[in-house]
Amino acid sequence: MCLESLHEYAKSKYLDPSVPVYDLNLTKVAVDGGYEKQRFVSPLLKYLPSGDVSEEVPASTIVTTASHGFVKYLISRMLHRDNPFGEFYSSRPEFFLIVTARTYFHLCCGINDADPSHNKLTEEEMRIKNKLVPMNAQLSKVYNVIFQVYFDFCLVDVLPRKSYFPWKPHKRYAWNNAERLSNTRGVDKLYEENHNRLMLMYVRPKRPKDLEMIGNPAYFEYFLTRILQRKTRRIVGVFEEWSSGWGLLIVEAGFTIFDEVRDLDLEDLLQLFHLLKNIPNFEQSNFVAEANMAFKANHETEDIDELLVDKFRINLWRKISKGADSNENISKKV
């Protein structure tokens, strides 16, 4: 990443010269992963030690600045954890991510006081603290909600932005930079107020036992995509679009015909998804057909037979064991 001069300076001043420096661009990893989709073999695999998806002590710790795109990449890889080419297939690393305030509030799905936890929190304490943040409809995007479900996280510290290389200046997204006519504090104003601060987040994937209620991740992703598409829709109407009579089941579960998507919190969304999965003949419904089609369109590049996948996997681990570049000409050799 053209930082050789900084690396040499660090090793001459304070860094142990024996510490290896790897040429690894995480932003490029996210871009390549979005292009290659499920077939992408992350170069991170070359450096991540083997572990276990339920390990208590993390096999590795990753500290990095992270764009919102890279965080979304991690969310996607965690959502489809059963992919053998993914970073979370056989490990549960911990991350310390330095992100912008905008990314932080998005991942929280709401606005909080950004109060750091300087003492180590347990997983349960992190979940309790995060539940106290009211969901903001504008920030409750699909991947932000998935992040809430699949990861434990907390704010560790707030860092001055001026301590880092210059980041791009704040850009207001109001039409023609016009001032708001009301006194309502919008999220764009919040981003502007916190533009000179960076958030240091502790992030760790949840164990499989904590996610058993999700089941098929393709169904969960599609459910969130559809239900969060327009926040002013009524919940009953959304379910009726999938099948006639499903709206009645929502009312019987305690929701009303007037409840809108923007009224839901995280627990409500999980409850609705659980109800959906347990509807009789769910696997034969239009929802499942649509979800499978969406997964194929968004995450698969082409049909691959099992023999090709096996060859691909064998070649991957051979390259990793030899210390070679995991992505170099891997497709040509299979």
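Residues numbered from 1 in each chain as written. Predicted model: local features only at pLDDT ≥ 70, side-chain atom pairs only at ≥ 80, totals over all residues. Heavy atoms only, no water.

Examining the side chain of His80
- Relative to the assigned elements, His80 resides in the loop between α3 (68–79) and β2 (94–100).
- Take His80: its relative accessible area is 4%, and that puts it in the buried class. (Helix = DSSP H or I, 4+ residues; strand = E, 2+ residues; numbered from the N terminus. Buried < 20%, exposed > 50% of the residue type's maximum accessible area, 1.4 Å probe, protein only.)

Some points on the nonpolar core
- Among the nonpolar cores identified, the biggest contains 74 residues, and Tyr150, Phe223, Ile227, Phe239, Leu276 and Phe287 are the most heavily contacted of them.
- Among residues more than four places away in sequence, those in contact with Leu276 are Phe223, Phe239, Trp242, Trp246, Phe282 and Phe287. (Core = buried A, V, L, I, M, F, W, Y, C linked by side-chain atoms within 4.5 Å. Contact = heavy atoms within 4.5 Å.)

Describing the confidence of the model for the chain
- Model confidence for the chain is summarised by a mean pLDDT of 84, while 84% of its residues fall at 70 or above.
- Mean pLDDT across the elements of the chain ranges from a minimum in helix α13 (residues 306–322), with 59, to a maximum in helix α6 (residues 142–150), with 96.
- Counted against residues more than four places away or in other chains, residues 325–334, with its pLDDT under 50, gives 26 contacts. (pLDDT = per-residue confidence, 0-100.)

A word on the environment of His299
- Relative to the helices and strands, His299 is located in helix α12 (residues 286–299).
- Sequence-wise, His299 and Glu36 are 263 residues apart; in three dimensions their C-alpha atoms are separated by 8.6 Å.
- Non-local contacts of His299, meaning those with residues more than four positions away in its chain, are made with Lys37, Gln38, Ser76, His80, Tyr143 and Glu221.

Let's talk about the packing of helix α2 (residues 26–36) against α3
- With their axes 9 Å apart at the nearest point, α2 and α3 run at an angle of 55 degrees to one another. It follows from the interaxial angle that α2 and α3 lie oblique. Pair α2 / α3 crosses with left-handed handedness. Across the interface between the two elements, Leu26, Val29, Ala30 and Gly33 of α2 pack against Gly69, Phe70 and Tyr73 of α3. (Axes fitted to C-alpha atoms, helices over the stretch in contact; angles between N-to-C directions. Parallel < 35°, antiparallel > 145°, perpendicular 65-115°, else oblique. Left-handed = near helix turned anticlockwise from the far one by under 90°.)

Notes on a nonpolar patch on the surface
- Together, Leu248, Val251, Ile257 and Phe258 make up an exposed nonpolar region whose accessible area comes to about 380 Å².
- Topologically, Ile257 is positioned in the loop between α10 (246–252) and α11 (266–277). (Patch = residues over 30% accessible without salt bridge, like charges linked within 9 Å, V, L, I, M, F, W, Y side chains within 5 Å. Areas by Shrake-Rupley, 256 points an atom, 1.4 Å probe, with all protein chains shown as cover. Salt bridge = Lys/Arg side-chain N within 4 Å of Asp/Glu carboxyl O.)

Here we look at the packing of aromatic side chains
- Applying the stated criterion across every chain yields a total of 20 aromatic pairs.
- A centroid spacing of 6.1 Å and a plane angle of 65 degrees characterise the contact between Phe88 and Phe95, whose relative ring orientation is edge-to-face.
- Taking the centre distance of 5.3 Å and the plane angle of 65 degrees together, the rings of Phe96 and Tyr202 count as edge-to-face. Placement of the pair is Phe96 in strand β2 and Tyr202 in strand β4 (residues 197–205), with a sequence separation of 106 residues.
- What links up through ring pairs into an aromatic cluster is the set Tyr150, Tyr219, Phe220, Tyr222, Phe223, Phe239, Trp242, Phe273, Phe282 and Phe287.
- One cation-aromatic arrangement involves Lys72 over Tyr143; the distance from NZ or CZ to the ring centre is 5.6 Å. (Phe/Tyr/Trp six-rings, centres within 6.5 Å; stacked < 30°, edge-to-face > 60°. Lys NZ or Arg CZ within 6 Å of the ring centre and 35° of its normal.)

Section: the sheet that holds β2
- With mixed pairing, the four strands of this open sheet are ordered in space as β1-β2-β4-β3. One side of each edge strand has no neighbouring strand; the edge strands of this open sheet are β1 (61–65) and β3 (151–160). Across this sheet, the average inter-strand angle for adjacent strands is 20 degrees, counted without regard to direction.
- Two strands pair when backbone bridges link them, and β2 and β4 are joined in this way by six bridges, in the antiparallel orientation. Bridge pairing in β4 places Thr100 opposite Leu198.
- Strands β2, β3 and β4 of the sheet are contacted by α3, whose axis makes an angle of about 145 degrees with β2.
- Lying over the sheet, helix α4 (residues 101–108) contacts β2, β3 and β4, oriented at roughly 120 degrees with respect to β2. (Pairing = 2+ DSSP bridges.)

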